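# Tertiary structure, described
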2 protein chains.
Amino acid sequence: MNNDAFLAACRLAIGEAHVLTNNDDKAAYLTDQRQRYTGEAIAVVKPANTKEVAKLVQLCAQHNIPIVPQGGNTGLVLGSVPDQSGKAIVLSLKRLNRIRAVDPVNHTITAEAGCILQHVQEAAANAGRLLPLSLAAEGSCTIGGNLSTNAGGTAVLRYGNTRELCLGLEVVTAQGEILHGLRGLRKDNTGYDLRDLFIGAEGTLGIITAAVLKIFPQPKAQLTALAALQTPADALRLLTLAQSHCGATLTGFELMSDLCLQLVAKHFPQLQFPFNQRHPQYVLLELSDNESAEHAGSLLESVIGAALEQGICQDAVLASSSIQSRALWQLRESISSAQAKEGKNIKHDISLPISRIAEFIADTDALLQENFPGCRNVTFGHLGDGNLHYNVSPPLNIPAEQFIERQAEINRVVHDNVHRMNGSISAEHGLGALKREEILRYKSPVEIALMKTIKQALDPLNLMNPGKVI
Amino acid sequence: MNNDAFLAACRLAIGEAHVLTNNDDKAAYLTDQRQRYTGEAIAVVKPANTKEVAKLVQLCAQHNIPIVPQGGNTGLVLGSVPDQSGKAIVLSLKRLNRIRAVDPVNHTITAEAGCILQHVQEAAANAGRLLPLSLAAEGSCTIGGNLSTNAGGTAVLRYGNTRELCLGLEVVTAQGEILHGLRGLRKDNTGYDLRDLFIGAEGTLGIITAAVLKIFPQPKAQLTALAALQTPADALRLLTLAQSHCGATLTGFELMSDLCLQLVAKHFPQLQFPFNQRHPQYVLLELSDNESAEHAGSLLESVIGAALEQGICQDAVLASSSIQSRALWQLRESISSAQAKEGKNIKHDISLPISRIAEFIADTDALLQENFPGCRNVTFGHLGDGNLHYNVSPPLNIPAEQFIERQAEINRVVHDNVHRMNGSISAEHGLGALKREEILRYKSPVEIALMKTIKQALDPLNLMNPGKVI
């Protein structure tokens, strides 16, 4: 296999400096975020604009070279790194990083795929608007990656996933043609929904190069409370109560078990635990209010008041400042790090019908105790979206490595139970290469066949991120 | 062509009583809602459940019989009636009319395709929840049709189109297989978005047989105001102001020109005009409040107060009861009938980036006056969604029939201008058979080719609602 002609054509198309073939230059693009896997690639190519992306895809089609599109390379399911065959190129979108337009009246922002999420948030804020998409990697992930994985994050309860935030796309097809679909319309019923087909496809059907995203009026105030409860079932009662009182003002609803906050206390002793005693469960509520901090405060008080009165929660603290709000969020956001400091563990990114979450936790906890006595469930997540990070730490008396060896068995117990209750084994991370085999167990043959039909129709040469998703 | 064997197999599959071949029995299924077109069909078949739908589709595939799926047959673009070849069957979903589940904690309702929209609204209301999808035909249209046309309606500003209200689908594919996708999940990133491919496809890719829809807490109060303004540009300023003050509490924002309300006054003199003098434009605002009528009232007063103060609007009335709210809505809802009573006219269901609407109206009004002097623009619509019913009535001195003959020329002027401003020529009605040719002028060859590729891949025999959409 001689790739010289192909590489020469790439250099001609986008300039020598943007075709990286040196191992040192390529290294950062070949290993995934969690450093679990390193692939190989002929080259890393870095086009400057959509036309250059199209040209490169045409060259790949001519030379039968697989393409791994890559944004910030912050994915968690090995979707943005190449395999070890060394036959593919990595096509980095990083240089497509212009904000093309902000329209505060239409409430839209048009950004290229390589824009860092945080930069797009800032551009919206500069126009007095909110881009609600927000997640841990926002300082390095890109909009193209967010769209390709249909990223979730902390504001899904109110604003939806990335899919719901997107009104239009520009895409380079597997044939290297440009689909100009950057429409900023709330209503458009003129044919098949190509936009949503490319969103969440993890680069396996084409390459997203730009998008029109919804933006919103900036809320006047954000306010947070932490409620202490007995059970996940009570947390569900609190959710229904808060939704009925607050409607769309409720923008966050996060569940944490006591073990989560015990680990935070152990590994981040500087963070203050806000209650006088421990409780089995906690819920972090956040309101985003278009009127005023006073209004948000009285609304939050009325919800918590009703919950205390009805015996749904036992205690609660209301943040009276944004500093206090931050402190409450910090407890929630420190759980992952605290669990990591505690040692290796097994993670699940699952979702369920919200009404079945209490049953799921009780049932799966019991099954795991039966099969893996002493294992410690560190369960937390976006309860308002039905999305749990249902993580499992080793029993205290068993070495982590020994426990981790049983990951496949534990996944089986958890995922089978998720499936039995009509849930999803990947709520917000996608399939990538990591869950590509696992999903075959849970999707029906009809659904898998439809996915394959679409893949075959849009990418007949199977050059777009092969080995991912399907 | 002898269809006896096919019809016998259909009768065996779903029972003799449900295979209609008699002309009288078939008649109601062959003519469109506006009585503009009557097609022909071998038979109208009425399966009772999803399995029977699948069986019928298999029989059609075996016998090469085209299928026109039909719900309430209330569509406006000739999408649900057969052509005049007489080769197709109409497959009515009307007997699939069970509400399969209501889950108030998950905030979902599962309904079969043939359920009348109003019945689904009622089932949600009985569980203390709101199904926000609402449109003029709700007493006879069906959920399957709403999904297949991605229906809009009066609450899109807050809740989105039907697409945004759907979490999962059950579909019979063109091969007669059942896709079990009735998931009620807020987050699920496990492969291609098949759901959104079938939504809005107008039955050309498969037959939707059931859906999981989002429902919401019932608002405690709904309140309406009518504002009088000078220009569409002022209406846009009012929209931005109201969105910033009210956030998601703003659920309706409808624009009407003075000519619209003049026609209503002429043809419905019993309806009261609420101002002392005429104004060039009016906006109907609606708030849906999760707290109380008092809260909604003070919020609406603050918006209208600010608008009066800033000179955005000249006058306003706030409904102080639901009867008064109804009366204001009646003005808006009577425009179509008033225009029909005035005589024949030319309708356009268009959408634009919201920020370009004032420019569009000024520019297109001027173009039409130049080319069709004296024509009367009856412009109204869901301004908050960028969706205008940009209708044109004949000049007073020209017979309607003579004016209507120039419909194609007028469409050309309007649609070309819509396209130039990045809008859509079908905001909420779909393409059907009516706009199938027109769209070829406005979509790029790349987009049309992708649509054809998908159609060919999922329905290679071209039996699913042929001649519609693509």
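Conventions and cut-offs
Residues numbered from 1 in each chain as written. Chains lettered and ligands numbered in written order. Predicted model: local features only at pLDDT ≥ 70, side-chain atom pairs only at ≥ 80, totals over all residues. Heavy atoms only, no water. Helix = DSSP H or I, 4+ residues; strand = E, 2+ residues; numbered from the N terminus. Rg over C-alpha atoms; globule rule 2.2 N^0.38 Å. Contact = heavy atoms within 4.5 Å. Areas by Shrake-Rupley, 256 points an atom, 1.4 Å probe, with all protein chains shown as cover. Lys, Arg positive; Asp, Glu negative; His and termini not counted. Charge placed at Lys NZ, Arg CZ, Asp CG, Glu CD. Least-squares fit on C-alpha atoms with pLDDT ≥ 70 in both. Domains from an automatic or database assignment. Buried area = accessible area lost by both parts, 1.4 Å probe. Salt bridge = Lys/Arg side-chain N within 4 Å of Asp/Glu carboxyl O. Polar contact = N/O pair within 3.5 Å; in protein donor to acceptor, adjacent residues only side chain to side chain. Buried < 20%, exposed > 50% of the residue type's maximum accessible area, 1.4 Å probe, protein only. Pairing = 2+ DSSP bridges. Axes fitted to C-alpha atoms, helices over the stretch in contact; angles between N-to-C directions. Phe/Tyr/Trp six-rings, centres within 6.5 Å; stacked < 30°, edge-to-face > 60°. Parallel < 35°, antiparallel > 145°, perpendicular 65-115°, else oblique. Left-handed = near helix turned anticlockwise from the far one by under 90°. Nonpolar A, V, L, I, M, F, W, Y, C, P; charged D, E, K, R; others polar. Expected span 1.5 Å × (residues − 1). Core = buried A, V, L, I, M, F, W, Y, C linked by side-chain atoms within 4.5 Å. UniProt positions renumbered as here; feature names shortened; annotations may be inferred.

## Details of the overall build of chain A
Looking only at helices and strands, one finds 17 helices and 18 strands in chain A. Taken over C-alpha atoms, the radius of gyration comes to 23 Å for chain A, in line with the 23 Å a tight globule of 470 residues would show. Here the C-alpha coordinates of chain A stretch approximately 75 × 55 × 45 Å along the principal axes. A separation threshold of at least 6 residues defines the contact pool for chain A, and within that pool the share at least 24 residues apart is 72%. As presented, chain A carries roughly 17,400 Å² of accessible surface, and 49% of it is formed by carbon and sulfur atoms. When the 41 basic and 46 acidic side-chain charges of chain A are each reduced to a single mean position, those positions are 4 Å apart.

## Thoughts on the relation of the copies chain B and chain A
Once chain B has been moved 0.0 Å along the axis and rotated by 180 degrees, it coincides with chain A to within an RMSD of 0.0 Å. The symmetry that links the two subunits is that of a two-fold axis. Looking at chain B, 100% of its interface residues are interface residues in chain A too, so the copies touch through the same face.

## So, the domain arrangement of chain A
Residue and element names in this part refer to chain A. What the domain assignment reports for chain A is domain 1 (3-92), domain 2 (99-217), domain 3 (221-336) and domain 4 (343-435). If you average the C-alpha positions of domain 1 and of domain 4, the two centres end up 34 Å apart. Each partner contributes to the roughly 520 Å² buried at the junction of domain 1 and domain 4, and carbon and sulfur atoms together form 73% of this total. A per-residue breakdown of the area domain 1 buries against domain 4 is headed by L76, V77 and L78, which together make up 78% of the total. At the boundary of domain 1 with domain 4, the tally comes to 0 salt bridges. Summed over the shared surface of domain 1 and domain 4, the number is 3 residue pairs in polar contact (both at pLDDT 80 or more).

## Topic: the pattern of salt bridges
For the coordinates displayed, the defined rule picks out 52 salt bridges over all chains. Between E342(B) and K266(B) there is a salt bridge; the shortest N-O distance is 2.8 Å. Taken together, the residues span a long stretch of sequence, with E342(B) in helix 13 (residues 335-342) and K266(B) in helix 10 (residues 258-267) at a distance of 76 residues. On the accessibility criterion, K266(B) (54% relative accessible area) is exposed. Residues E359(B) and R356(B) are paired through a salt bridge, measuring 3.3 Å at the closest nitrogen-oxygen approach. On the basis of relative accessibility, which here comes to 39%, the residue E359(B) falls in the partly exposed class. A network of salt bridges, in which partner residues are shared, links R98(A), R100(A), E112(A) and E170(A).

## A word on the sheet that holds strand 17 (residues 376-382) of chain A
Residue and element names in this part refer to chain A. Read from one edge to the other, the open sheet built from 7 strands follows the order 15-12-14-13-17-18-16, with strand pairing classed as antiparallel. Only two strands of the sheet have a single neighbouring strand rather than two, namely strand 15 (315-318) and strand 16 (349-351). For this sheet the average axis-to-axis angle between neighbouring strands, irrespective of direction, equals 20 degrees. Looking at chain direction, strand 17 and strand 18 (residues 387-393) are connected through 7 bridges and run antiparallel. Opposite T379, over in strand 18, you have Y390 as the bridge partner. Docked against the sheet, helix 11 (residues 293-309) engages strand 12 (221-229), strand 14 (281-289) and strand 15, running at close to 15 degrees with respect to strand 12.

## Points about the packing of aromatic side chains
Residue and element names in this part refer to chain B. Counted by the stated rule, this structure contains 10 aromatic pairs over all chains. With centroids separated by 5.9 Å and ring planes inclined at 70 degrees, the aromatic side chains of F273 and F275 adopt a geometry described as edge-to-face. Residue F275 is classed as buried on the basis of its relative accessible area, which comes to 7%. Seen in terms of ring centroids, F273 and Y282 are 5.8 Å apart; in terms of plane orientation they differ by 85 degrees. Their pairing is edge-to-face.

## What to know about the packing of helix 17 (residues 445-458) of chain A against helix 17 (residues 445-458) of chain B
Interaxial distance between helix 17 of chain A and helix 17 of chain B falls to 9 Å at its minimum, and their mutual angle equals 140 degrees. When the axis of helix 17 of chain A is compared with that of helix 17 of chain B, the two are oblique. Note on packing geometry: the crossing formed by helix 17 of chain A with helix 17 of chain B is right-handed. Residues L450(A), T453(A), I454(A), A457(A) and L458(A) of helix 17 of chain A form the contact with helix 17 of chain B, whose participating residues are L450(B), T453(B), I454(B), A457(B) and L458(B). Residue composition of the contact of helix 17 of chain A with helix 17 of chain B, grouped by class: 8 nonpolar, 2 polar and no charged.

## Let's talk about helix 9 (residues 232-246) of chain A
Residues and elements named next belong to chain A. With 15 residues, helix 9 extends 20 Å from end C-alpha to end C-alpha; this agrees with the ideal 21 Å at 1.5 Å per step. All of the buried residues along helix 9 are P232, D234, A235, L236, L238, L239, L241, A242, Q243 and C246. Of the residues one or two after helix 9, G247 is the one with positive phi, at around 50 degrees.

## Re the interface of chain B and chain A
Contacts between the two partners involve 81 residues from chain B, matched on the other side by 81 residues from chain A. In total, about 6,600 Å² of surface goes out of reach between chain B and chain A, with carbon and sulfur atoms giving 57% of it. Three residues stand out in chain B for area buried against chain A, namely K187(B), N189(B) and Y192(B), and they jointly supply 16% of the buried area on that side. Counting every contact that joins chain B to chain A gives 8 salt bridges. Joining chain B to chain A, the criterion identifies 41 residue pairs in polar contact (both at pLDDT 80 or more). Among the elements that take part in the side of chain B that touches chain A, helix 17 of chain B stands out by supplying 9 residues, more than any other.

## Considerations on the environment of L238(A)
Residue and element names in this part refer to chain A. Within the element layout of this structure, L238 appears in helix 9. On a C-alpha basis, the gap between L238 and Q310 in space is 9.9 Å, while along the polypeptide they are 72 residues apart. For L238, the contacting residues outside a window of four places in its chain are A227, L229, F253, V283, L285, V303, A307 and I312.

## Description of the side chain of K26(A)
Among the structural elements, K26(A) can be located in helix 2 (residues 23-30). Those residues in contact with K26(A) that sit more than four places away from it in its chain are L20(A), T21(A), E40(A), A41(A), I42(A), A43(A) and V44(A).

## Overview of the sheet that holds strand 2 (residues 43-45) of chain B
Residue and element names in this part refer to chain B. In space, the 4 strands of this open sheet follow the order 1-2-4-3, with mixed pairing throughout. At either margin of the open sheet sits one strand with a lone partner, and together these are strand 1 (19-20) and strand 3 (67-70). Summarising the sheet, strand 2 and strand 4 (residues 89-92) pair through 3 bridges and their orientation is parallel. The residue of strand 4 that forms the bridge with A43 is I89. Helix 3 (residues 50-63) rests against strand 2, strand 3 and strand 4 of the sheet, and its axis sits at about 170 degrees to strand 4.

## As for the pairing of strand 17 (residues 376-382) of chain B
Residues and elements named next belong to chain B. The buried fraction of strand 17 amounts to 7 of the 7 residues, a majority that puts the element mostly inside the structure. Here strand 13 (residues 250-257) pairs with strand 17 via 2 bridges, running antiparallel. Bridge pairing in strand 17 links M256 to F380. Counting the residues that bridge the hairpin from strand 17 to strand 18 (residues 387-393) gives 4 residues, and of these G386 lies at a positive phi of roughly 70 degrees.

## Some thoughts on the nonpolar core
One finds L238(A) and L238(B) to be the most contacted residues of the largest nonpolar core, which totals 190 residues. With 26 residues, the next largest nonpolar core counts I42(A), A54(A), V57(A) and A174(A) among its residues.

## Considering the UniProt feature "domain: FAD-binding PCMH-type" (unreviewed entry) in chain A
Mapped onto the present numbering, the UniProt feature "domain: FAD-binding PCMH-type" (unreviewed entry) falls on residues 37-218 of chain A. Secondary structure over residues 37-218 of chain A splits into 24% helix and 25% strand, and the C-alpha atoms at its two ends are 40 Å apart.

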